[in-house]
Amino acid sequence: MVESLRSESSDWDLQLIRGIFVDRDVELIRSISLSLRAVNDSWEWFWDSKGKFSVKSAYHHLWEVQNRAHLNPVSADINWVSVWSLKAPPKVRNLIWRTLSGCLPSLKALNSRRVQISSVCPMCNQMEEDDFHALVACRLARLFWCLTGLSGLIDGCTCFSDFWRKLLAVKPENVDMAAVGCWFLWINRNNQVWNNKSSTPIVLHSSALSYLANWCEAQGRRLAAGVAVRQTEQQWRRPPHGWTKLNVDGAVFVERNSAGFGFVLRNSEGELVAAGNGTLYCRLDPFLVEALTCREALSWLKETGRRNVLVESDSQLLVYALQRETSGNSALDLIIEDCKFLLKEIVNVSVSFIRKTANQAAHSLARAVISGTDRTVWISHPPPCICTALLSDI
C-alpha cells in the first residue's frame, strides 16, 4: 500500500523507497503528489483532469499517440515560444501551432480519421497530401519557397517540424515571412479544393509580402496612437494596516524536467517580511504546479502561526478551484482539498487573483529555484533575485 511508503511528514519515505526501487522508479514515485491528509489509496486515470476513466479520454489519448507517431512527429525540442512570439496575425500563429501539433486537416490526416476521401494532393495531383507536402514539399509550394530564397532549407526535411527548426536555426530573420507564406499556401490550397481556383507562386509571394507589411504598419500605427494591444498592467498594492500580503507563483522548467515554487510576504508598508522558494517533485502540469505552490505557501503560514493574510496568485484556475466544490479524485483534486483544509486552519486568510504584472517578485523567486533544493526561507533580507521587483512595487 502507498501508505506504508510515506514518512511521518506525509511525504514519501525516500530512504525506504531508494532501498526498494531502482533510481528511475524512485524519480517516478517522487513525481506522484501526495495529500497532507489521511486519504484512502485509489486508482487515478492519468489522462483525465478528474482522474476518472472514460472511453472518450482513452480515445483522445490513443488518437494523440497515433497522430504524433505517424502523422507529424513533434519533437520535444520544438521552440514553442518562437511560434507565439511571431510578428504576424494571430490566425497565422495559430496555423503554425496547429501544423507543428499535427492538427492541420490535410487529406492524409482526414483519411486517418476515417473520412472517406482521396488523399492525393489537389495542387499537384501526384503525391499524398500531409501537412509537410501541402506547405513545403508540393511542386507549387517549392516554387513559392524559391521566390523567398528559403528553398535550400527543404532538402533533408521529412516533416514540417524539421523545416521549422531549420528555419529558426539558419534564417531566423525570415521566420515571420515564412509563417505568413504558409498561411497563404494553405488558403490557396483550400481555394483550390472548394472553388477549383488557385493563384500562381508569384502572386502568392507578392500577396504575402504586402499582407505582412500592411499588418506591421497597422500595428505600428496602433502603438503610436496609444491603442491598447495587450492587457492593462496591474501593479502590486500594499495590504491594509494590520495585514500582510503573500504572493505565490510556480515555475515549470521543461528543459531540466523540474518545477519550483516561490512566495513573498510583505507588510502594509511594502517591506519584506519573508520570502521562500524550493523544488517541487511532481508532473510538469502548470495547474498542478500552481496548486502545489499554494499548498507550500499555506503550509508555511500555518507553521509560523501567521494570521490576517491576503494571498494572491496569478493563476485564475487555481483561485476558481479553491472557491468551488471539488468533485474529482485526481492528484490535483487532493492538492486543492489540502489547500482548502489549510485555509480553514489559518485565522483571517483569503485567496484572490491578480495579473502577473502584480506578481513579479514571487515569479522571479520561483524562476530562481535551483533544482533539487528543499524549501529555503529568507527573513527580512530579500535574496538578490527579487530586489528589483520589490523596489518597483513600492
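Residues numbered from 1 in each chain as written. Predicted model: local features only at pLDDT ≥ 70, side-chain atom pairs only at ≥ 80, totals over all residues. Heavy atoms only, no water.

**Some remarks on the environment of Gly260**
Right, on to step 1. Relative to the helices and strands, Gly260 is located in strand S2 (residues 258–266).
Right, on to step 2. Taking the C-alpha atoms as reference, Gly260 lies 34 Å from Lys171; in sequence the two are 89 residues apart.
Right, on to step 3. Beyond its immediate stretch of four places on either side in the chain, Gly260 contacts Asp249, Gly250, Ala251, Phe253, Gly278, Thr279, Leu280, Val289, Thr293, Ala366 and Val369. (Helix = DSSP H or I, 4+ residues; strand = E, 2+ residues; numbered from the N terminus. Contact = heavy atoms within 4.5 Å.)

**Things to note about the environment of Leu310**
Right, on to step 1. Along the chain, the position of Leu310 falls in strand S4 (residues 309–313).
Right, on to step 2. The exposure class of Leu310 is partly exposed, given its relative accessible area of 22%.
Right, on to step 3. With residues near it in sequence (within four places) discarded, Leu310 still touches Pro239, Pro240, Trp243, Thr244, Lys245, Leu246 and Ser350. (Buried < 20%, exposed > 50% of the residue type's maximum accessible area, 1.4 Å probe, protein only.)

**Side note on the packing of aromatic side chains**
Right, on to step 1. One pass over the full model with this rule turns up 11 aromatic pairs.
Right, on to step 2. A centroid spacing of 5.1 Å and a plane angle of 80° characterise the contact between Phe144 and Trp145, whose relative ring orientation is edge-to-face.
Right, on to step 3. Judged by relative accessible area, which is 0%, Phe144 ranks as buried.
Right, on to step 4. Residue class for Trp145 comes out buried when judged on its relative accessible area of 0%.
Right, on to step 5. Both rings, one in Phe263 and one in Trp300, keep their centres 5.1 Å apart while their planes meet at 35°; by these two values the pair is tilted. Residue Phe263 is found in strand S2, and its partner Trp300 is found in helix H12 (residues 286–304); the two are separated by 37 residues along the sequence.
Right, on to step 6. Judged by relative accessible area, Phe263 falls into the buried class, the value being 0%.
Right, on to step 7. Aromatic ring contacts, followed pair by pair, group Phe144, Trp145, Phe160, Phe163 and Trp164 into a single cluster.
Right, on to step 8. Lying over the aromatic face of Trp236, Arg266 brings its terminal NZ or CZ to 3.9 Å of the ring centre. (Phe/Tyr/Trp six-rings, centres within 6.5 Å; stacked < 30°, edge-to-face > 60°. Lys NZ or Arg CZ within 6 Å of the ring centre and 35° of its normal.)

**Some words on the packing of helix H9 (residues 160–170) against helix H10 (residues 175–195)**
Right, on to step 1. Contact geometry of H9 with H10 gives a least axis separation of 10 Å together with a crossing angle of 155°. Relative to H10, H9 is oriented roughly antiparallel. H9 and H10 meet at a crossing whose hand is right-handed. The segment H9 lies against H10, with Phe160, Trp164, Leu167 and Leu168 engaging Val175, Ala178, Ala179 and Cys182.
Right, on to step 2. Split by residue class, the contact of H9 with H10 holds eight nonpolar, no polar and no charged. (Axes fitted to C-alpha atoms, helices over the stretch in contact; angles between N-to-C directions. Parallel < 35°, antiparallel > 145°, perpendicular 65-115°, else oblique. Left-handed = near helix turned anticlockwise from the far one by under 90°. Nonpolar A, V, L, I, M, F, W, Y, C, P; charged D, E, K, R; others polar.)

**A look at the sheet that holds strand S1 (residues 244–253)**
Right, on to step 1. Spatial ordering of the open sheet is given by S5-S4-S1-S2-S3-S6, a layout of six strands whose pairing is mixed. Of all strands in the sheet, those bounded by a partner on one side alone are strand S5 (349–353) and strand S6 (376–379). Averaged over neighbouring strand pairs, the angle between their axes works out to 15° when direction is ignored.
Right, on to step 2. Summarising the sheet, S4 and S5 pair through five bridges and their orientation is parallel. The residue of S5 that forms the bridge with Val309 is Val349. (Pairing = 2+ DSSP bridges.)

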